[in-house]
There are 2 protein chains.
Amino acid sequence: MSEMADRFLRACRREPVDRTPIWIMRQAGRYLPEYRALRQRVDFLTLCRTPELAAEATLQPLRRFPLDAAILFSDILLPLQALGVEMAFTPGPTIAEPLRTRAQIDALAPRPAGEAVPFVAEAVRLLRRELDGRTPLIGFCGAPFTLACYLVQGRGKEGFGVAKTMLYREPATLEHLLSTLALAMTDYLTLQIRAGAQAVQIFDSWAGILGLEEYRRFALPYVKAIVDGVRPLGVPVIYFVNDGPHLHEAAASAGADVLGVCWRAPLDDVARRVGPRVALQGNLDPHVLFADPVEVAQQAAAVLARVAGRPGHIMNLGHGILPETPIASVEALIAAVHDFDGRRAAAAALTPCTT
Amino acid sequence: MSEMADRFLRACRREPVDRTPIWIMRQAGRYLPEYRALRQRVDFLTLCRTPELAAEATLQPLRRFPLDAAILFSDILLPLQALGVEMAFTPGPTIAEPLRTRAQIDALAPRPAGEAVPFVAEAVRLLRRELDGRTPLIGFCGAPFTLACYLVQGRGKEGFGVAKTMLYREPATLEHLLSTLALAMTDYLTLQIRAGAQAVQIFDSWAGILGLEEYRRFALPYVKAIVDGVRPLGVPVIYFVNDGPHLHEAAASAGADVLGVCWRAPLDDVARRVGPRVALQGNLDPHVLFADPVEVAQQAAAVLARVAGRPGHIMNLGHGILPETPIASVEALIAAVHDFDGRRAAAAALTPCTT
């Protein structure tokens, strides 16, 4: 892999890079006209389950933008097929039979991911051939607590009151579900890594609804189990914690190589809190991309400046890119990243004492 | 006012109290059968706009529970009538014509709150007579950024993407709206205080969607303006910041006497961050009240223990009480507060060196 192709993986490991790498959460998605055209032909689940189509969606943003990583097109709920869970996307996810009782949770008999979702491994293999070492490929899964939120609640739109009620009323039932999910997700990431994923991200989209004590009991240990489980496979692990400024220190202790954060806390504050032993990913507010390109560039530079010189920064949004985002804003963002590091490199060249 | 009646106001000012005071956000509301019975007779807006009925709803929880404060029954959007804004509750709030343009915002011509919502002052006067010095009465308003979220978006259910887009695309337009709201809310709280409200709370329910820098520019200064505006009237001001662990230090600088916080960050962490010069209100997760009474009592005691000995704690939930909450849980919560301080007082009596 060339220096350029290696930039993202080096940053994950806090190794020196020629410039800050950038990728964008949900970079394959509805803001791209070519993605919308693809979706006119097939529904979301078919797209995820057809390796050629999932690979096509994955590659679309890379044809348009000089991004430093690809991320497999899929959804965090897909591997729950291995647990026998039926779901629909309308367009938000809906679980056919929410898991509300201990009996339902005890009855879960997870199949190996390789049997339940073989199309994911196939898409990863296809993508590695297509990418041919030019751009590293990220695999992913949902964090157990976040997945449990959907499984217990049944859908996401109205919040996760039923899941939080289970947490306080039947903590042992929830813990049983979380253990089951941690094992299933370790298996699922292992499948992706063996098929060729060069890094993996664990999405904890709903961790932020937990108080710190509840997070330490119901979220963190299960993420740690996944991180420990895939560590022998040797690829970098990114742990993305959404809406979790109160969780960052604890989240950093999960042992992932990279902590991904939302836009709420300034990245230099996050860096101070978590210490130097973890790389950081983020954290531009996705709404910034609705501003004019000059403002986008300024806001992006402000994020970069907060951790300039700290080894291990991967530029990204603080949440998934929004469906109505203008393409020109994405171009301005990427140009700002290139420009910022260009200027930094130039400044370094003028300052011989800088190491 | 007796020692017992004074407990809440003394805690607001960080003065010694015989035990920690408690009130509950949305304590007059759907979890009470007598409130549901009242709502069978009248719709929500009529209830808010009829002084006798608003007073009745305010008093209902006080007849049932030994709470240390009453809070006026109303909604943060009601005073926007002073800006000529039409709204409906279905049951969530909907603004008839969302404010999306500079022209709309420039055209706002706020009337004095005393003319636009005289029924609020009348309800406060009625309540002071009914309460007769037994229980202090809290008035309230929404924080400018939170109100702007509703006014720009039009409704709350789908998030506040339009409001956040305005923030980055047309910051001056948003700032103009925020200034208008800060003045209108200062006038509105002044109306309530002059009518007899003995403390006021500013609800910043949506501040947490802002990054720290955006909060410092688009939320904090306008809250500070309100706090400064009502300070000469001499009643304690509570500033409630929801979902804002990243905002607590900044929020404490608004100058309110009390910082109210959600359940996310442990209260001792919050205390360390904000320093000793502000009282704290909160912060039990409302979902705890779905657990059995023993668990409720334990969780409540854990919150109290985190700030035991720190002057200025008002026990509360970290967010409004949920409609399905069992009455028995509220009783267990209040009993736990009484019990905790009883034990603390007993321990203090055995330890003469304690001041």
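It should be emphasised that the depicted structure is a prediction, and the values quoted were computed from it without experimental measurement.

**Section: the overall build of chain A**
- Check the secondary structure of chain A and you find 16 helices and nine strands.
- A burial count over chain A gives 53% of its 355 residues as buried.
- Taking all contacts inside chain A whose residues are at least 6 apart in sequence as the whole, residues at least 24 apart take part in 73%.

**Remarks on unusual backbone geometry**
Residues and elements named next belong to chain A.
- Geometrically, the link from Thr90 to Pro91 is a cis peptide bond, its omega value of -10° lying close to zero.
- One can find Pro91 in the loop between β2 (87-89) and β3 (93-95).
- Phi at Arg26 is positive, roughly 65°, even though this residue is not glycine.
- Counting through the fold element by element, Arg26 comes out in the loop between α1 (3-12) and α2 (33-41).
- Given 18 C-beta atoms within a 10 Å radius, Arg26 is considered partly exposed.

**Regarding the relation of the copies chain B and chain A**
- Taken as rigid bodies, chain B and chain A are interconverted by a rotation of 180° and an axial shift of 0.0 Å, the fit giving an RMSD of 0.0 Å. Each copy turns onto its partner about a two-fold axis. No C-alpha of chain B lies nearer the rotation axis than that of Pro245 of chain B, which sits 3.1 Å from it.
- Looking at chain B, 100% of its interface residues are interface residues in chain A too, so the copies touch through the same face.

**What about the sheet that holds strand β6 (residues 237-241) of chain B?**
All names here are of chain B.
- Taking strand neighbours across the sheet as the criterion, the seven strands line up as β1-β4-β5-β6-β7-β8-β9 in an open arrangement whose pairing is parallel. Strands with a single pairing partner mark the edges of an open sheet, and in this sheet they are β1 (70-71) and β9 (313-314).
- Sheet topology note: the strand β8 (residues 279-281)/β9 ladder contains two bridges and is parallel. From the neighbouring strand, Gln281 faces β9, where its bridge partner is Ile314.

**Focus on the pairing of strand β7 (residues 258-261) of chain A**
Residues and elements named next belong to chain A.
- Burial along β7 is two-sided: the face carrying Val258 and Gly260 and the face carrying Leu259 and Val261 are both buried.
- Of the pairings in the sheet, the one linking strand β6 (residues 237-241) to β7 comprises four bridges and is parallel in character. Among the inter-strand pairings, Val241 is bridged to a residue of β7, identified as Val261.
- Alignment of β7 against strand β8 (residues 279-281), held across three bridges, turns out to be parallel. Paired with Gly260 across the strands is Gln281, a residue of β8.

**Looking at helix α4 (residues 51-64) of chain A**
All names here are of chain A.
- The end-to-end C-alpha separation of α4 is 21 Å, in line with the 20 Å expected for 14 residues at 1.5 Å each.
- The largest bend along α4 reaches roughly 25° and is located at Thr58, with the proline Pro61 sitting one to four residues downstream.
- Along α4, the residues that are buried comprise Ala54, Ala55, Glu56, Ala57, Thr58, Gln60, Pro61 and Leu62.
- Tucked inside the fold, the buried residues of α4 contact α2, α3 (44-49), β1 (70-71) and α7 (118-131).

**Thoughts on the sheet that holds strand β5 (residues 199-204) of chain A**
Residue and element names in this part refer to chain A.
- Strand order across the open sheet formed by seven strands is β1-β4-β5-β6-β7-β8-β9, with parallel pairing between neighbours. Looking at which strands have only one partner, the edges of the open sheet turn out to be β1 and β9 (313-314).
- Strand contacts of helix α12 (residues 220-230): β5 and β6, with the helix running at about 175° to β5, the strand carrying the most contacts.

**A closer look at the packing of helix α2 (residues 33-41) of chain B against helix α4 (residues 51-64) of chain B**
All names here are of chain B.
- Interaxial distance between α2 and α4 falls to 9 Å at its minimum, and their mutual angle equals 165°. Here α2 lies roughly antiparallel to α4, going by the angle between them. In this structure, the crossing between α2 and α4 has a hand that is right-handed. Contact with α2, carried on its side by Glu34, Tyr35 and Leu38, involves Glu56, Ala57 and Gln60 of α4 and no other residues of that element.
- Of the residues that constitute the contact of α2 with α4, the class distribution is three nonpolar, one polar and two charged.

**Examining the environment of Ile334 of chain A**
Residues and elements named next belong to chain A.
- With respect to the helices and strands, Ile334 occurs in helix α16 (residues 327-350).
- On a C-alpha basis, the gap between Ile334 and Pro66 in space is 7.6 Å, while along the polypeptide they are 268 residues apart.
- Those residues in contact with Ile334, other than ones at most four positions away along the chain, are Ile22, Phe65 and Pro66.

**Here we look at helix α9 (residues 161-169) of chain A**
- Along α9 of chain A, the positions that sit buried rather than exposed are Ala163, Lys164, Thr165, Met166 and Leu167 of chain A.
- Turning to α9 of chain A, the residues buried within the fold contact α8 (144-153), α10 (171-195) and α11 (212-218) of chain A.

**Thoughts on the packing of α8 of chain A against α9 of chain A**
Residues and elements named next belong to chain A.
- Contact geometry of α8 with α9 gives a least axis separation of 7 Å together with a crossing angle of 105°. Judged on the interaxial angle alone, α9 and α8 are roughly perpendicular. Contacts from Ala148, Cys149, Val152 and Gln153 of α8 reach α9 at Val162, Ala163 and Met166.
- Here the contact of α8 with α9 is built from residues that sort into six nonpolar, one polar and no charged.

**Some thoughts on the interface of chain B and chain A**
- Counting residues at the interface gives 21 residues for chain B, matched by 21 residues for chain A.
- When contributions to the side of chain B that touches chain A are tallied by element, the ones reaching two or more residues are α9 (161-169) and α11 (212-218) of chain B.
- The dominant element in the side of chain B that touches chain A, judged by the number of residues it contributes, is α9 of chain B, at five residues.

**Brief notes about the confidence of the model for chain A**
- Summarising the model, chain A shows a mean pLDDT of 94, and 95% of its residues fall at 70 or more.
- Scoring of the predicted complex yields 0.95 for pTM and 0.93 for ipTM.

**What to know about the environment of Leu99 of chain B**
Residue and element names in this part refer to chain B.
- Its place among the elements puts Leu99 in the loop between β3 (93-95) and α5 (102-106).
- The exposure class of Leu99 is buried, given the 26 C-beta atoms found within 10 Å.
- Counting along the chain gives 112 residues from Leu99 to Gly211, while the straight-line C-alpha distance between them is 23 Å.
- When residues no more than four places from it in sequence are discounted, the contact partners of Leu99 are Gln104, Ile105, Leu151, Val152 and Leu177.

**Details of the environment of Leu53 of chain A**
- Structurally, Leu53 of chain A is set in helix α4.
- When sequence neighbours within four positions are dropped, the list of residues in contact with Leu53 of chain A reads Val42 and Leu47 of chain A.

Reading guide: rules and limits
Residues numbered from 1 in each chain as written. Chains lettered and ligands numbered in written order. Predicted model: local features only at pLDDT ≥ 70, side-chain atom pairs only at ≥ 80, totals over all residues. Helix = DSSP H or I, 4+ residues; strand = E, 2+ residues; numbered from the N terminus. Buried ≥ 20, exposed ≤ 12 C-beta atoms within 10 Å, placed from the backbone. Contact = placed C-beta atoms within 7 Å. Least-squares fit on C-alpha atoms with pLDDT ≥ 70 in both. Pairing = 2+ DSSP bridges. Expected span 1.5 Å × (residues − 1). Bend = angle between axes of the 7 residues up to and from the residue. Axes fitted to C-alpha atoms, helices over the stretch in contact; angles between N-to-C directions. Parallel < 35°, antiparallel > 145°, perpendicular 65-115°, else oblique. Left-handed = near helix turned anticlockwise from the far one by under 90°. Nonpolar A, V, L, I, M, F, W, Y, C, P; charged D, E, K, R; others polar. pLDDT = per-residue confidence, 0-100.

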